[in-house]
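This is what each chain is made of:
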Amino acid sequence: MSIRIAPSILSADFAALGNAVAAVERGGADLIHVDVMDGHFVPNITIGVPVVRSLKRIATVPLDVHLMITDPDRYIEAFAEAGASMISVHVEVLPHLHRTIQAIKALKAKAGVVLNPSTPVVALEQIAGDVDFVLVMSVNPGFGGQSFIPRSELKVREVRALLDRAGNTAAPIEIDGGIDQKTVARVVSAGAQILVAGNAIFGTADAERATRDLKAAANAAAPTTAARA
Ligand code: DX5
Ligand code: ZN
């Protein structure tokens, strides 16, 4: 099973984003995770379409755009055109989630759905066969540097079981929040395949090295294909 590392630029120096992206790419980053916050869905405001467009010019790996906004339907097209390869939306704000997923796919981006820590896995029951990936929040969204919520490990297992039951065995689970050298092994063992990390990478003096070290720890914990089968 292949593990992907998605450094979150939320914890990077916004005055030097190009350098931040280059450093994590040298360290083996597979994606760049971009946290878009609107000050409504979450109590913080970050960045939007123009920054994604600029990142697209310099990044050599795909951009993974996490929309923490109350009305994602209004902005999906703009983010896809700006260069988002993966777009994830929160189930908590979308009454017509099936339509939104189809709209993201029609824009040729990978469509992901996100569950807040308090949102039950059953919220995905009817959509599990349609998604390209599921993002499990292991902190309450809004800020970097928070502590991993332990129950998220079980939630990853439950989402994996649901996706497999729906026949969507190819859809990976992404996990976001509090992922570091201490928590990485248990989430990977539970079935997470895309690991977002902000503080654990950009909160260090050497983002390149932190990316490489986190990826090595993740790969060491990855179940073999035979073990998962
Ligand atoms: C939180 C964001 C995360 C955040 C993770 O709302 O969605 O992507 O950057 O940061 P860490 O890894 O520091 O918990
Ligand atoms: Zn995120």
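Anything mentioned here points back to the structure above.
Residues numbered from 1 in each chain as written. Chains lettered and ligands numbered in written order. Predicted model: local features only at pLDDT ≥ 70, side-chain atom pairs only at ≥ 80, totals over all residues. Heavy atoms only, no water.

**Things to note about the environment of Val65**
Basically, it comes down to this: Runs of H or I in DSSP of at least four residues are treated as helices and runs of E of at least two as strands, each being numbered from the N terminus. What makes two residues a contact is simply this: any of their non-hydrogen atoms within 4.5 Å.
Mapped onto the secondary structure, Val65 falls in strand β3 (residues 63–68). Between the alpha carbons of Val65 and Asp35 there is a distance of 6.3 Å; along the sequence they are 30 residues apart. Those residues in contact with Val65, other than ones at most four positions away along the chain, are Val34, Val36, Val52, Phe79, Ala84, Met86, Ile87 and Ser88.

**What about helix α8 (residues 207–221)?**
The condition that has to hold: The length a helix should cover is 1.5 Å for every residue beyond the first. Only protein chains enter the accessibility calculation, which uses a 1.4 Å probe; a residue is then buried when its area is under 20% of its type maximum, exposed when over 50%, and partly exposed in between. Counting of polar contacts relies on pairs of N or O atoms within 3.5 Å, with two restrictions inside protein: one atom must be capable of donating a hydrogen and the other of accepting it, and residues adjacent in sequence are counted only when both atoms are side-chain atoms.
For α8, built from 15 residues, the straight-helix expectation of 21 Å at 1.5 Å per residue is met to within 8% by its first-to-last C-alpha distance of 21 Å. Inspection of α8 places Ala207, Glu208, Ala210, Thr211, Leu214, Lys215, Ala217, Ala218 and Ala221 among the buried residues, and these make up the whole buried set. Check the buried side of α8 and you find it contacts β1 (4–7), α1 (17–26), α6 (184–190), β8 (192–197) and α7 (199–202). With a side-chain oxygen lying 3.3 Å from the backbone nitrogen of Glu208, the N-terminal cap of α8 falls on Asp206.

**Quick word on the coordination of the zinc ion (ligand 2)**
Here is the rule: Note on donors: an N, O or S atom is included if it sits within 2.8 Å of the metal, or within 3.2 Å for Na, K and Ca, and water is never included, so sites can look incomplete. A four-donor site is classed as tetrahedral when every donor-metal-donor angle falls between 85 and 135 degrees; four donors are called square planar, and six octahedral, when trans pairs exceed 155 degrees and all remaining angles lie between 65 and 115, with any other arrangement labelled irregular.
Taken together, the protein donors to the zinc ion (ligand 2) comprise His33 (NE2), Asp35 (OD), His66 (ND1) and Asp176 (OD), at separations of 2.0 to 2.3 Å. Coordination at the zinc ion (ligand 2) is octahedral: its six donor atoms span angles of 71 to 169° at the metal. Look at where the donors of the zinc ion (ligand 2) fall in the sequence and you get H-x1-D-x30-H-x109-D. Of this pair, His33 sits in strand β2 (residues 32–37) while His66 sits in strand β3, and the two are 33 residues apart along the sequence. Neither residue differs from the other here; His33 and His66 are each classed as buried.

**A look at the pairing of strand β6 (residues 133–137)**
Applied cut-off: Paired strands, as defined in this entry, are two strands with at least two bridges between them according to DSSP. A clockwise course of the path from the first strand over the helix to the second, judged with the strands pointing away from the viewer, identifies a crossover as right-handed.
Across the five residues of β6, five count as buried, placing the element largely inside the fold. Pairing geometry for strand β5 (residues 110–115) and β6, over four bridges, is parallel. Counterpart to Leu115 in the pairing with β6 is Val136. With helix α5 (residues 152–165) bridging β6 and its parallel neighbour strand β7 (residues 173–176), the resulting β-α-β unit is right-handed.

**Let's talk about the pattern of salt bridges**
Here the idea is simple: oppositely charged side chains can pair when their charged atoms come close. The line we're drawing: Any carboxyl oxygen of Asp or Glu within 4 Å of a side-chain nitrogen of Lys or Arg constitutes a salt bridge here.
Within the structure shown, the criterion is met by seven salt bridges. With its nearest N and O atoms 3.4 Å apart, the salt bridge here joins Arg151 to Glu158. Residue class for Glu158 comes out partly exposed when judged on its relative accessible area of 31%. As a salt-bridge pair, Arg212 and Glu208 come within 2.7 Å of each other at their nearest N and O atoms. Of the two residues, Arg212 and Glu208 are both situated in helix α8; the distance of four residues between them amounts to about one turn of the helix. The partly exposed category is assigned to Arg212, whose relative accessible area is 39%. Salt bridges linked by common partners bring Arg26, Glu208 and Arg212 together as one network.

**A few points about the site of ligand 1**
Where we set the bar: Residues are classed as near a molecule or strand on a simple rule: at least one heavy atom within 4 Å of it. Here the Shrake-Rupley method, with its probe set to 1.4 Å, supplies the accessible areas, and only the displayed protein chains count as covering residues.
Among the 20 residues in the neighbourhood of ligand 1, the closest are listed as Asp35, Gly142, Gly145, Asp176 and Gly198. A distance of 3.4 Å separates an oxygen atom of ligand 1 from a polar atom in the side chain of His33. Note that an oxygen atom of ligand 1 is positioned 3.3 Å from one of the side-chain N or O atoms of His66. Taking 380 Å² as the accessible area of ligand 1 by itself, protein coverage stands at 99%.

**Considering the packing of α1 against helix α2 (residues 49–58)**
The condition is simple: Axis definition: a line fitted to C-alpha atoms, over the contacting stretch in the case of helices. Angles run 0 to 180 degrees between N-to-C directions. Here roughly perpendicular refers to angles of 65 to 115 degrees, roughly parallel to angles under 35, roughly antiparallel to angles over 145, and oblique to all remaining angles. The handedness criterion is simple: a crossing whose near helix is rotated anticlockwise from the far helix by less than a right angle is left-handed, and one whose near helix is rotated clockwise is right-handed. Three classes are used: nonpolar for Ala, Val, Leu, Ile, Met, Phe, Trp, Tyr, Cys and Pro, charged for Asp, Glu, Lys and Arg, and polar for all others, with Gly counted as polar.
Two elements in contact, α1 and α2, have axes separated by 10 Å at closest approach and are oriented at 50°. As the angle between them shows, α1 and α2 are arranged oblique. Of the two elements, α1 crosses α2, and the hand of that crossing is right-handed. Of the residues in α2, those touching α1 at Leu17, Gly18, Val21 and Glu25 are Val51, Leu55 and Ile58. Residues belonging to the contact of α1 with α2 are distributed by class as follows: five nonpolar, one polar and one charged.

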